[in-house]
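Structural description and commentary
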Amino acid sequence: MDAVGKRIRSLRKQRGLSLQHLAEKVGISYSYLSQIENGKTNLSVSLLKDIASALEAPSVFFLLEEDTKPLIKLIRQESRQDYVRNDGVTIDLLFAADKLESTIIKLQPGGATNKPSCHQGEEFCYVLNGEVEICFDEKDTYLLKQGDIIYYPAHVPHRWRNNNEQWAVILIACTPPSF
């Protein structure tokens, strides 16, 4: 619990809160919070949630291992791969981790995905450049412009079309990874 207390203290100080102020926000005594921060007492999951809420942080933050470097993944641009499909769509795989994948899809002017895609999980799309249509289940079509976001369950069949004179570029993140 010593590491949890150290993280609480560190984040409390980063947030500019005194020991007394945080204790009041959480509804515990100053001395009890001091014991927690110094690793001299255990705390319940419920209290950890309350402290995390008061510090505006996820509870899991306090339970992370001291060395978070193994959790951080850096992907250099030169190590990423582009895939050019036979329908002319270019997919730039940004990363694929255990639970999340991110790609950039580039649709040439007049380009479209040949057939609907569907897979398990969820998908988030952000139009970086241009305008695109996304069609769900061959009936519901949405026109997305630069800066628009759409989120949907990925098991609904979906496909893309670029009806414009310029390239369309879409950032997509989905779970679970499909590459």
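Residues numbered from 1 in each chain as written. Predicted model: local features only at pLDDT ≥ 70, side-chain atom pairs only at ≥ 80, totals over all residues. Heavy atoms only, no water.

Focus: the overall build of the protein
Counting its secondary structure elements, the protein contains 4 helices and 9 strands. Along the protein, from the amino end to the carboxyl end, the secondary structure elements read α-α-α-α-β-β-β-β-β-β-β-β-β. Overall size of the protein, expressed as C-alpha extent along the three principal axes, is 65 × 35 × 30 Å. Each of the 179 residues in the protein was classed as buried or not, and the buried ones make up 35%. Residue pairs in contact within the protein that sit at least 24 positions apart in sequence constitute 61% of those at least 6 positions apart. Summing over all exposed atoms, the protein offers an accessible surface of approximately 11,000 Å²; the carbon and sulfur share of this is 50%. Side chains of the protein give 21 positive and 23 negative charges; the mean places of these two sets differ by 7 Å. (Helix = DSSP H or I, 4+ residues; strand = E, 2+ residues; numbered from the N terminus. Buried < 20%, exposed > 50% of the residue type's maximum accessible area, 1.4 Å probe, protein only. Contact = heavy atoms within 4.5 Å. Areas by Shrake-Rupley, 256 points an atom, 1.4 Å probe, with all protein chains shown as cover. Lys, Arg positive; Asp, Glu negative; His and termini not counted. Charge placed at Lys NZ, Arg CZ, Asp CG, Glu CD.)

Some words on the sheet that holds strand E2 (residues 90–96)
The strands making up a sheet are joined through hydrogen bonds of the backbone, oriented either antiparallel or parallel. Strand order in the open sheet formed by 6 strands is E1-E2-E3-E9-E4-E7, and the pairing between neighbours is antiparallel. Both outer strands of the open sheet, strand E1 (81–84) and strand E7 (149–153), are each paired with one neighbouring strand and no more. Averaged over all neighbouring strand pairs, the angle between strand axes comes to 20°, with direction disregarded. Strand direction decides the pairing type here: strand E3 (residues 101–107) and strand E9 (residues 168–175), joined by 7 bridges, are antiparallel. Considered in E9, the bridge of Thr103 is made with Ile172. (Pairing = 2+ DSSP bridges. Axes fitted to C-alpha atoms, helices over the stretch in contact; angles between N-to-C directions.)

A word on the nonpolar core
A general trend in soluble globular proteins is that nonpolar side chains are found buried together. Among the nonpolar cores identified, the biggest contains 20 residues, and Ile8, Leu22, Leu33, Ile51, Leu55 and Phe62 are the most heavily contacted of them. Those elements that place two or more of their residues in this core are helix H1 (2–14), helix H2 (19–26), helix H3 (30–37) and helix H4 (45–54). A total of 5 residues in this core trace back to one element, the largest contributor, which is H4. The residues contacting Leu55, other than those within four sequence positions of it, are Ile8, Leu11, Arg12, Arg15, Leu17, Leu22 and Phe62. (Core = buried A, V, L, I, M, F, W, Y, C linked by side-chain atoms within 4.5 Å.)

Details of H1
An α-helical segment advances 3.6 residues per turn. Residues three or four places apart therefore align on the same side. Between the first and last C-alpha of H1 there are 18 Å, a value that for 13 residues agrees with the 18 Å anticipated at 1.5 Å per step. On its buried face, H1 sits against H2, H3 and H4. The positive-phi residue at the C-terminal boundary of H1 is Gly16, with phi of around 75°. (Expected span 1.5 Å × (residues − 1).)

Digging into the side chain of Asp92
In this structure, Asp92 sits in strand E2. Leave out the neighbours within four places in its chain, and Asp92 touches Arg80, Gln81, Asp82, Ser102, Thr103 and Ile104.

Things to note about the pairing of strand E4 (residues 122–129)
Note that E4 and E7 share 5 bridges and pair antiparallel. Looking at E7, one finds that Glu122 is bridged to Pro153. Across 7 bridges, the pairing between E4 and E9 is antiparallel. Looking at the pairing, Glu122 lines up with Thr175 of E9.

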